[in-house]
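Structural characterization, general
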Amino acid sequence: MKKFKPALVVIAVMTILSCSTVPLTGRKQLSLVGDAEVNQSAAASYKQLLSDPKTKVVATGTDAQRVKVIGNRLATAIQKYLNDNGYGNQYNFAWEFNLIQSSEVNAWCMPGGKVAVYSGLLPVANTDAYLAVVMGHEIGHAIARHSAERISQEMLVQGGGQLVGAATSQQSQATQTAISTLYGVGSQLKLLAYSRNQESEADRLGLTFMAMAGYDPHNAIAFWQRMAAQNKGGAPPEFLSTHPADATRIANIQNLIPEAMKYYKP
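Residues numbered from 1 in each chain as written. Predicted model: local features only at pLDDT ≥ 70, side-chain atom pairs only at ≥ 80, totals over all residues. Heavy atoms only, no water.

Mapped onto the elements of the fold, Thr25 is located in the loop between β1 (19-21) and β2 (28-30). On the basis of relative accessibility, which here comes to 19%, the residue Thr25 falls in the buried class. A polar contact is formed between the side chain of Thr25 and the side chain of Glu201, at a distance of 2.9 Å. Leaving out residues up to four positions away in the same chain, Thr25 has contacts with Glu201, Arg204 and Leu205. (Helix = DSSP H or I, 4+ residues; strand = E, 2+ residues; numbered from the N terminus. Buried < 20%, exposed > 50% of the residue type's maximum accessible area, 1.4 Å probe, protein only. Polar contact = N/O pair within 3.5 Å; in protein donor to acceptor, adjacent residues only side chain to side chain. Contact = heavy atoms within 4.5 Å.)

This brings us to the pairing of strand β4 (residues 96-100). Burial within β4 is extensive, with four of its five residues counted as buried. Where strand β3 (residues 57-58) lies against β4, two bridges are found, and the strand directions are antiparallel. Residue pairing in the sheet places Val57 in a bridge with Ile100 of β4. Across five bridges, β4 lies against strand β6 (residues 114-118) in parallel orientation. Bridged to Asn98 within β6 is Ala116. (Pairing = 2+ DSSP bridges.)

Take the nonpolar core next. Generally speaking, a soluble globular protein has its nonpolar side chains buried in company with each other. Membership of the largest hydrophobic core comes to 51 residues, with the highest contact counts inside it found for Leu74, Val117, Leu131, Met135, Ile139 and Phe223. Among the elements that line this core, the one with the most residues is helix α4 (residues 128-143), at 10 residues. Ignoring any residue separated from it by four or fewer positions in sequence, one finds Met135 in contact with Val67, Ile70, Gly71, Leu74, Phe97, Val115 and Val117. Within the second largest apolar cluster, seven residues are counted, among which are Ala42, Trp108, Met110 and Ala116. (Core = buried A, V, L, I, M, F, W, Y, C linked by side-chain atoms within 4.5 Å.)

So, about the pattern of salt bridges. Inspection of every chain in the model, using the stated rule, returns nine salt bridges. The shortest N-O distance in the salt bridge between Lys80 and Asp84 comes to 2.7 Å. Here Lys80 and its partner Asp84 are both found in helix α3 (residues 62-84), four residues apart, which amounts to about one turn of the helix. The exposure class assigned to Lys80 is exposed, which follows from its relative accessible area of 53%. (Salt bridge = Lys/Arg side-chain N within 4 Å of Asp/Glu carboxyl O.)

Moving on, we come to the sheet that holds β3. Pairing between the strands of a sheet comes from backbone hydrogen bonds, and it takes one of two forms, parallel or antiparallel. A sheet is described by the order of its strands in space; here four strands give the open sequence β3-β4-β6-β5, paired in mixed fashion. Across the chains shown, the open sheet's two edge strands, defined by having one partner strand only, are β3 and β5 (107-110). Here α3 sits on the sheet and contacts β3, β4 and β6; the angle it forms with β4, its principal contact strand, is near 150°. α4 contacts β4, β5 and β6 of the sheet and is inclined by roughly 30° relative to β5. (Axes fitted to C-alpha atoms, helices over the stretch in contact; angles between N-to-C directions.)

The next subject is helix α7 (residues 219-230). End to end, α7 covers 17 Å across 12 residues, agreeing with the expected 16 Å (1.5 Å per residue, within 8%). Regarding α7, the residues found buried are Ala220, Ile221, Phe223 and Trp224. The arc enclosing the buried residues of α7, seen along the axis, measures out at 165°, which places them on a common side. (Expected span 1.5 Å × (residues − 1). Arc of directions from axis to C-beta.)

A separate point is the side chain of Asn98. Turning to its location among the elements, Asn98 is positioned in strand β4. Here the side chain of Asn98 touches Tyr46 through a polar contact of 2.9 Å, side chain to side chain. Leaving out residues up to four positions away in the same chain, Asn98 has contacts with Tyr46, Leu50, Val57, Val67, Lys68, Val115, Ala116 and Val117.

Within the secondary structure, Arg204 is located in helix α6 (residues 173-212). Residue Arg204 is classed as partly exposed on the basis of its relative accessible area, which comes to 24%. Here the alpha-carbon distance between Arg204 and Leu24, two residues 180 residues apart in the chain, equals 9.1 Å. Those residues in contact with Arg204 that sit more than four places away from it in its chain are Leu24, Thr25, Leu256 and Glu259.

None of the figures reported here should be taken as evidence of function without further support.
Pasting the structure below:
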C-alpha cells in the first residue's frame, strides 16, 4: 500500500497548485488544462459547425441582428468589468454571435466567446431582456471556464480511478468490481453536482453581466418561468441532473437579483 502514497501526494499537490479564480464570484476552481488549448479547440469546432452544410446560419434579418446587438452589448460590458478588476489579461476572447435555424430551444457559448443561439429559443426569449438572460448565462459558463474545469475534473477522476484499481489489485475479483462500481457511480454523481453548481454560478454571472449591459435582471424570473412552462415532458430528479430543478433555479435567482442590481445601469 505504501507504494501508492507518492501517487496520491502527486494528485494532491496538482490539485492544490492547479487552481484559478472565477471573476466576480471569487470561487477557486481546478484548472489542469490551459485556456489557449481549450479556446483554440473551441474555435475550430465552432468554425466547423458554421461551415457544415447541415447548419443553417441566419445571417440577415431582425432576429440575427438582435443576437449580434445583444451579444456585443454583453461582451463590451463584460470586457470592461474584467479590465477594471484586473482580469483583462487573462481573457483573450474573440467574440462571435450567430443565430442558427433550428427548432431546438437552446443557446450556448464555447470557451473563447463563440456563441450560438437557436431560433427555437426566440419564441420563449421574445424580448431583448429575455434573450440577454440566456446569453448572459451561457457567456457566464465561458467566463467561469467551466468547460476547462470539467475537463480537469474528469482528468482527476480518471487518475483516482487508476489508483483505486491499483490499491485493490490484491483483492478478489468480486471485491475489485464492487469498489470500482461504487467509485464510478460516486464520481459521476459528484461530477453532476459540480455541473449543478456551475449552472448556479453561471446564473449569478449572467444576471450581473446582463445588468452591466443595461438589462434589468428582474426579467430573469419571468424568463425561467416561461422556460419551466416549456418543459412538458418532465425532468429527471434533481440529484441526477446537471441542471437545478426549475423551482430551485428560480428561487436562487430571486436571491441573486439584489447583487446584480448593484451593477444595473438602464
